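An overview of the molecular structure
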Amino acid sequence: DRKVLGVLADYVTMDTGTGVVHTAPSHGAEDFATGVKYGLDATSNVDEKGILRNGLPEYDGKRVWDANQPIIDLVKSRGALLHTEKTEHSYPHCWRCHNPVIFRATEQWFISMETPMPGGKGKDDTLRTRTLGEIKSVKWDPAWGEERLSNMIQTRPDWCISRQRVWGVPIAVFLCESCGKPLNDHVLNRKVVELFARSGADAWFTSESDTIVPAGTKCPHCGGAKFEKETDIFDVWLESGASYLALVAAEPEYPWPSDLYLEGGDQYRGWFQSSLLCAMGARGTPPYRGVVTPGWTLDEKGQAMSKSRGNDVDPVDIANRLGGEIVRLWTASVDFREDVVGSEALMQRVGENYKKIRNTFRFILGNLDGFDPLKDAVAFDEMQPLDQYMLRQAVEASAEVQRSYEEFAFHKIYHRINNFCGVELSAFYFDVLKDRLYTSARKSVSRRAAQTAIWHIGEALARLLAPILSFTCEEVWRYLPPVEGRLESVHLTIFPAAGDLLGANEVAVAPDLKQSEDWKTVLAVRETVLKALEEARNQKLIGGNLQAQVTLTAVDPVFSVLERFKNDLRYFFIVSAVEVKKGSGNGDSPVVVQVGKAPGLKCERCWNFSTRVGEDKNYPSVCERCSAVLREIGGEIAGA
């Protein structure tokens, strides 16, 4: 016949107890659920200051931590204590101050996740089911964001939107002192809105209830005539989640939904979720088309950066010392979807690549002196094959960069631009182009063609990199040759199209597959030739590359490609002479490179070796190519 004061707790596992427990329904989530199941009183006898109320004199009025020993002594004095000991166990702590927290049941305001939506399609059409359905319409980057938020919405309880704080946005509701129910009156609510508009939200805490509630107001539930103000504030996540709704309410022309929300992974529990729930409740659609989630920034030891650890890197400090462009370029250099390591050493390394990009712009600007696009630009079909090839490469690079922007793959942009500037432009095109830019007549078609190409490439690069290197590209934009109708700032422009680089006839001049393969062949041979030249220098056969003559013995199809380019190969390889011979086809290699000393004398102007130096008696120390240029320059001067 013995009675036990206990209830069944199905959350107790077999290896930790019987499942018959004493419980405090107002001091824990599982305890509260158990209390609801058994109809237990959930009144909290711990007030908002953590002090015990309504207890025996031995502990009434004490803080909960101070009441432990008096309660133990009380039970012991009455002979009801069998044993006591201390034990360590996991307990909730505040993430800010790291002190233990107390669970305490209080009256709160909730938004139901299970109540059927007004005007809905039945009892199953709830805020939860609607939200789960609309999550699929959002583009999540990374893709796991969809499943992560869906799981949170699927399992979340009703949304508690109130907090007990001494600061914040108040829940502006009057409660009947008799029955505790809210007074819902449209006219009264309008008066509160006007009060907030006039004096701010703090007016709720400084005004007395009877100065807002009209005299004679009665509670519609019990007829009571006295009302008190709700002192709870709104959950800050409700505030942040409703901010976009407030924006579009104040500015009806502002678009709905937003294109993108960007925040860290912790916001699936916070801003991403609260914004979605607020929008679904108010408008029935998500507030965003896409959500992008970056990873965390780690220090060099792989630990997450935080101010409390003291291992964070101040980007403002680095920007002040290395420049803001370096910080932005470093940010673009990593895949933000993953956790990334950030340090000053890494940013200094990125700074070296920034110098390469800036030097690319400097080469372009330095060689556009005196170039007027309106008067001097050369049509694409009148350019040399090398210029045409590099403009097509720029079109290809531009398309890849723009696709990467659409995918938010900024690290791909970083690597593609680095390769284009460092390998395709600096190590090849600019290196080859120097001879033409520096030795051709100032107004010659060949030089103007080169200037036209680098002008198009410079403008395209400035527009492509403007979102990342904002100050550098704006600076470059100001120094590029002025063109009538061009926008004042690079940040007002759009990304370049193929026509901006190739001209109006880009379809007609688009390369076929064979042309692309031919250039791959030429570049592959160039690599082989450069290695052979380096070996010749090491063996002291030549000094500089211009002292060399290169003989290429090749079999088809390589021979046919080299034969077509034979007049340009000396410039591609930066040597004084190139001879192309057809091989027998018996060798293993498609091309054999021989390096010897170039015949003739060194031209004092272009430094190439030629057997025709001194051929023109008016210019006895230069080659036939430079003497022709000097005659052209002389004619220009005489004409001027």
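Scroll up for the structure.
Residues numbered from 1 in each chain as written. Predicted model: local features only at pLDDT ≥ 70, side-chain atom pairs only at ≥ 80, totals over all residues. Heavy atoms only, no water.

**A short note on the overall build of the chain**
The number of helices and strands found in the chain is 22 helices and 19 strands. Against the globule reference of 26 Å for 640 residues, the chain gives a C-alpha radius of gyration of 39 Å, more extended than a compact globule. For the chain, the residues scored as buried account for 39% of the 640 residues in total. For the chain, the proportion of contacts with a sequence separation of at least 24, taken over those separated by at least 6, is 63%. (Helix = DSSP H or I, 4+ residues; strand = E, 2+ residues; numbered from the N terminus. Rg over C-alpha atoms; globule rule 2.2 N^0.38 Å. Buried < 20%, exposed > 50% of the residue type's maximum accessible area, 1.4 Å probe, protein only. Contact = heavy atoms within 4.5 Å.)

**Focus: the nonpolar core**
One broad rule of soluble globular proteins: the nonpolar side chains tend to lie buried together. Core analysis: the largest hydrophobic core is formed by 83 residues, its most contacted members being Tyr429, Ile457, Leu552, Leu562 and Phe572. The element best represented in this core is helix α14 (residues 410-439), accounting for 12 residues. Beyond its immediate stretch of four places on either side in the chain, Leu552 contacts Val525, Val529, Leu562, Leu569, Phe573, Val578, Glu579, Val580, Lys581, Val591, Val592 and Val593. Of all hydrophobic cores here, the second largest spans 27 residues; its members include Met113, Met152, Tyr244 and Cys278. (Core = buried A, V, L, I, M, F, W, Y, C linked by side-chain atoms within 4.5 Å.)

**Notes on helix α3 (residues 127-135)**
Within the sequence span of α3, burial applies to Leu127, Arg128, Thr131, Leu132 and Ile135. Buried residues along α3 cover an arc of 125° about the axis, so they all sit on one side. (Arc of directions from axis to C-beta.)

**Considerations on the environment of Asn545**
Mapped onto the fold, Asn545 is located in the loop between α19 (513-538) and β15 (548-554). As a C-alpha pair, Asn545 and Val575 span 30 residues in sequence and 5.4 Å in three-dimensional space. Here Arg537 takes part through its side chain, which lies 2.4 Å from a polar atom of the side chain of Asn545. (Polar contact = N/O pair within 3.5 Å; in protein donor to acceptor, adjacent residues only side chain to side chain.)

**A look at the sheet that holds β15**
In spatial order, the strands read β16-β15-β17; together these three strands make up an open sheet with mixed pairing. Bordering the open sheet on either side are β16 (577-582) and β17 (591-597), each of which pairs with just one other strand. The mean angle between the axes of side-by-side strands here comes to 20°, regardless of whether they run parallel or antiparallel. Two elements, β15 and β16, share six bridges in a ladder whose sense is parallel. (Pairing = 2+ DSSP bridges. Axes fitted to C-alpha atoms, helices over the stretch in contact; angles between N-to-C directions.)

**Focus: unusual backbone geometry**
Here the residue pair Trp256 and Pro257 is connected by a cis peptide bond, since its omega of -5° sits within 30 degrees of zero. In this structure, the amide linkage connecting Asp556 to the following residue, Pro557, adopts the cis form with an omega of 5°. Despite not being glycine, Asn54 has its phi angle at roughly 65°, a positive value. For Lys540, which is not glycine, the phi torsion reads 65° and is therefore positive. Residue position: Lys540 is located in the loop between α19 and β15. Note on Lys540: relative accessible area 71%, which makes it exposed.

**Comments concerning the side chain of Asn608**
Positionally, Asn608 belongs in the loop between β18 (601-602) and β19 (609-610). Judged by relative accessible area, Asn608 falls into the buried class, the value being 4%. One polar contact links Asn608 to Arg570, side chain to side chain, over a distance of 3.1 Å. If sequence neighbours within four positions are ignored, Asn608 has contacts with Asp435, Leu546, Arg570, Val575, Ser576, Leu601, Lys602, Cys603 and Arg625.

**Comments concerning the packing of helix α13 (residues 385-406) against helix α15 (residues 445-465)**
Put simply, α13 and α15 touch, their axes get as near as 10 Å, and they point 5° apart. Overall, the two elements α13 and α15 adopt an arrangement that is roughly parallel. Only Ala449, Ala450, Ala453, His456, Ile457, Leu464 and Leu465 of α15 make contact with α13, whose side of the interface consists of Asp387, Met390, Leu391, Ala394, Ser398, Val401, Gln402 and Tyr405. (Parallel < 35°, antiparallel > 145°, perpendicular 65-115°, else oblique.)

**Observations regarding the pattern of salt bridges**
In this structure the tally under the stated criterion is 28 salt bridges. Asp47 is paired through a salt bridge with Arg53; the nearest N and O atoms lie 3.1 Å apart. Since its relative accessible area comes to 14%, Asp47 is described here as buried. Asp369 is the salt-bridge partner of Arg442, the closest N and O atoms lying 3.4 Å from each other. (Salt bridge = Lys/Arg side-chain N within 4 Å of Asp/Glu carboxyl O.)

**Considering the packing of aromatic side chains**
Within the structure shown, the criterion is met by 23 aromatic pairs. Taking 4.2 Å as the distance between ring centres and 20° as the angle between the ring planes, the aromatic pair formed by Phe363 and Phe430 counts as stacked. With a gap of 67 residues between them, Phe363 in helix α11 (residues 344-366) and Phe430 in helix α14 connect regions that are remote in the sequence. Ring centres of Phe428 and Phe572 lie 6.4 Å apart, and the angle between their planes is 65°; this geometry places the pair in the edge-to-face category. Here Phe428 is found in helix α14, whereas its partner Phe572 is found in helix α21 (residues 569-573), with 144 residues between them in sequence. Taken individually, Phe428 and Phe572 each receive the classification buried, so the pair is uniform in this respect. (Phe/Tyr/Trp six-rings, centres within 6.5 Å; stacked < 30°, edge-to-face > 60°.)

**Quick look at the sheet that holds strand β7 (residues 174-176)**
Spatial ordering of the open sheet is given by β8-β7-β9, a layout of three strands whose pairing is antiparallel. For this open sheet the edge positions go to β8 (182-183) and β9 (227-229), each flanked by a neighbour on one side alone.

**Focus on helix α10 (residues 324-333)**
Most of α10 is tucked away: seven of the 10 residues are buried. Every buried residue of α10 is accounted for by Glu325, Ile326, Val327, Leu329, Trp330, Ala332 and Ser333. Lining the buried residues of α10 we find β13 (297-298), α9 (315-322), β14 (340-341), α11, α14 and α16 (470-479).

**Remarks on the environment of Leu533**
By secondary structure assignment, the location of Leu533 is in helix α19. For the pair Leu533 and Leu298, spaced 235 residues apart in the sequence, the C-alpha separation amounts to 45 Å. Beyond its immediate sequence surroundings of up to four residues, Leu533 is in contact with Ile542, Asn545, Ala548, Val550, Phe573, Val575 and Val595.

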